[in-house]
Each structure stands twice: as C-alpha cells, then as structure tokens.
Amino acid sequence: MLKPITYILIFLLFGLLVLIRAFEHELFYDPYLLFFQSDYLQMDFPNREILKLTLYTSLRYVLNTFISLGIIYLFFKDKSIVKFSIVIYSMAYVVLIVFFLYFVIHPRQEDYYLFFNFRRFLIQPIFLMLLVPAFYYYRLKN
C-alpha cells in the first residue's frame with residue numbers, strides 16, 4: 001500500500017478511537033463514567049445493571065480492539081504481529097473482565113482505585129499504546 005494512503009488510514013483509525021472516547025456517554029451504558037469523574041471516595045457505589053454494563057463494556061473493548069488491530073497492521077504490515085496481538089487482547093479480556101465483574105458485584109470502597117484501573121484497561125486503548133512501541137523495539141532488534 002502506498003505510504004500516504006497508509007498514513008491516512010492510520011489517522012482515520014485514530015480518529016475513530018477519539019470518536020469512541022468523545023461520544024462515550026451517548027454510545028455506552030456506563031454509570032462509572034460520572035462516578036470516577038467526581039469525588040468517588042466520598043460517594044456510594046452507583047446503581048448499575050450488571051448484564052447491560054458488562055455487554056457495553058465488552059462492546060467498547062471489542063471496538064477498541066478491532067481498531068487497534070487495524071492500526072497495528074498498518075504500522076507493521078505483519079500478520080504474525082497481528083495474530084500475536086489477537087492472542088494478547090483475548091487473554092487480557094478474559095483476565096480483565098473477571099476482575100471487572102468481581103469489583104462490580106462486590107464493591108468495596110478500598111477497591112475503587114483497583115477497579116478504576118482494571119476498568120480503564122477495558123474501555124481505553126491502552127494495549128495499543130503498549131504494543132506499538134514493543135513491536136517497534138522488537139523490529140529494531142531483528
């Protein structure tokens with residue numbers, strides 16, 4: 001693929017990630033968005049529908065994952081890196097969703113910070129920020 005087209009596609013995919021973040025209140029059910037933006041250590045845990053919350057959080061993770069995999073592919077043009085990324089994203093989802101559900105079902109104020117960070121990995125493209133430099137470094141070494 002021509003370099004200018006690749007750069008445009010990468011820019012568009014990053015734009016999609018930004019749009020997901022910008023319209024998170026409209027697109028996803030997440031009572032924790034406002035909870036963690038306020039003084040959550042002094043507040044009661046918000047009311048939530050666990051199934052709906054889990055489905056919308058999973059949807060957001062899947063959207064971010066597909067967009068991130070597209071960005072990774074466009075950066076490196078290597079299907080083996082994308083396959084490895086799929087394994088990483090899949091394993092991370094299983095681990096993160098288990099912890100997420102534990103914290104949603106058993107809320108304790110002393111666990112709010114941990115919950116906030118596990119949730120952050122599910123709803124934000126943090127793995128993209130970790131994997132791109134790691135694969136770039138791997139490419140430099142080989």
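Note that the structure is a prediction, hence the values are computed from the model and not measured.

About the cut-offs
Position labels on residues start from 1 in each chain and follow its written sequence. At least 70 in pLDDT is required for a residue's local features to be given in this predicted model, at least 80 for side-chain atom pairs to be given and counted, and no such filter applies to totals for whole chains, interfaces and linings, which use all residues. Only hydrogens and water are removed before side-chain values are computed, so all heavy atoms of the structure are retained for them. A run of DSSP states H or I qualifies as a helix once it reaches four residues; a run of E qualifies as a strand once it reaches two. Both are numbered from the N-terminal end. Only protein chains enter the accessibility calculation, which uses a 1.4 Å probe; a residue whose area is less than 20% of its type maximum is buried, one above 50% is exposed, and one in between is partly exposed. Any two residues whose heavy atoms approach within 4.5 Å at even a single point are treated as in contact. Among buried residues, the Ala, Val, Leu, Ile, Met, Phe, Trp, Tyr and Cys ones that are joined through side-chain atoms within 4.5 Å form a nonpolar core. The aromatic pairing rule takes the rings of Phe, Tyr and Trp, using the six-membered ring of Trp, and pairs them if the centres are within 6.5 Å, calling planes under 30 degrees apart stacked, those over 60 edge-to-face and the rest tilted. The axes used here are C-alpha line fits, helices contributing only the stretch in contact, and every angle between their N-to-C directions lies in the interval 0 to 180 degrees. Note that the term roughly parallel is reserved for angles under 35 degrees, roughly antiparallel for angles over 145, roughly perpendicular for angles of 65 to 115, and oblique for everything else. Crossings are assigned a handedness: left-handed for a near helix turned anticlockwise from the far helix by less than a right angle, right-handed for a clockwise turn.

## Some points on the environment of asparagine 64
Turning to step 1, where the next piece is worked out: In this structure, asparagine 64 sits in helix α4 (residues 50–76).
Turning to step 2, where the next piece is worked out: A relative accessible area of 4% places asparagine 64 in the buried class.
Turning to step 3, where the next piece is worked out: Placed 39 residues apart in sequence, asparagine 64 and phenylalanine 103 show a C-alpha to C-alpha distance of 22 Å.
Turning to step 4, where the next piece is worked out: Those residues in contact with asparagine 64, other than ones at most four positions away along the chain, are Leu17, Ile20, Ile123, Gln124 and Pro125.

## Observations concerning the nonpolar core
Turning to step 1, where the next piece is worked out: Formed by 32 residues in total, the largest nonpolar core has its most connected members in Ile72, Tyr89, Phe100, Leu122, Phe127 and Leu128.
Turning to step 2, where the next piece is worked out: For this core, the elements supplying multiple residues, two or more each, are α1 (3–22), α4, α5 (79–105), α6 (112–123) and α7 (126–141).
Turning to step 3, where the next piece is worked out: The element best represented in this core is α5, accounting for nine residues.
Turning to step 4, where the next piece is worked out: Not counting residues within four places of it along the chain, the set of residues in contact with phenylalanine 127 comprises Tyr61, Tyr89, Ala92, Leu96 and Phe121.

## Observations regarding the packing of aromatic side chains
Turning to step 1, where the next piece is worked out: The full count for this structure, using the stated rule, is 12 aromatic pairs.
Turning to step 2, where the next piece is worked out: Plain terms: the ring middles of phenylalanine 84 and phenylalanine 135 are 6.1 Å apart, the flat faces sit at 75° to each other, and that makes the pair edge-to-face. One end of the pair, phenylalanine 84, is in helix α5; the other, phenylalanine 135, is in helix α7, and 51 residues separate them in sequence.
Turning to step 3, where the next piece is worked out: The partly exposed category is assigned to phenylalanine 84, whose relative accessible area is 45%.

## Side note on the packing of α4 against α5
Turning to step 1, where the next piece is worked out: The interhelical angle for the contact between α4 and α5, taken along N-to-C directions, is 160°, at an axis separation of 10 Å. By the angle between their axes, α4 is roughly antiparallel relative to α5. With respect to the hand of their crossing, α4 and α5 are arranged in right-handed fashion.

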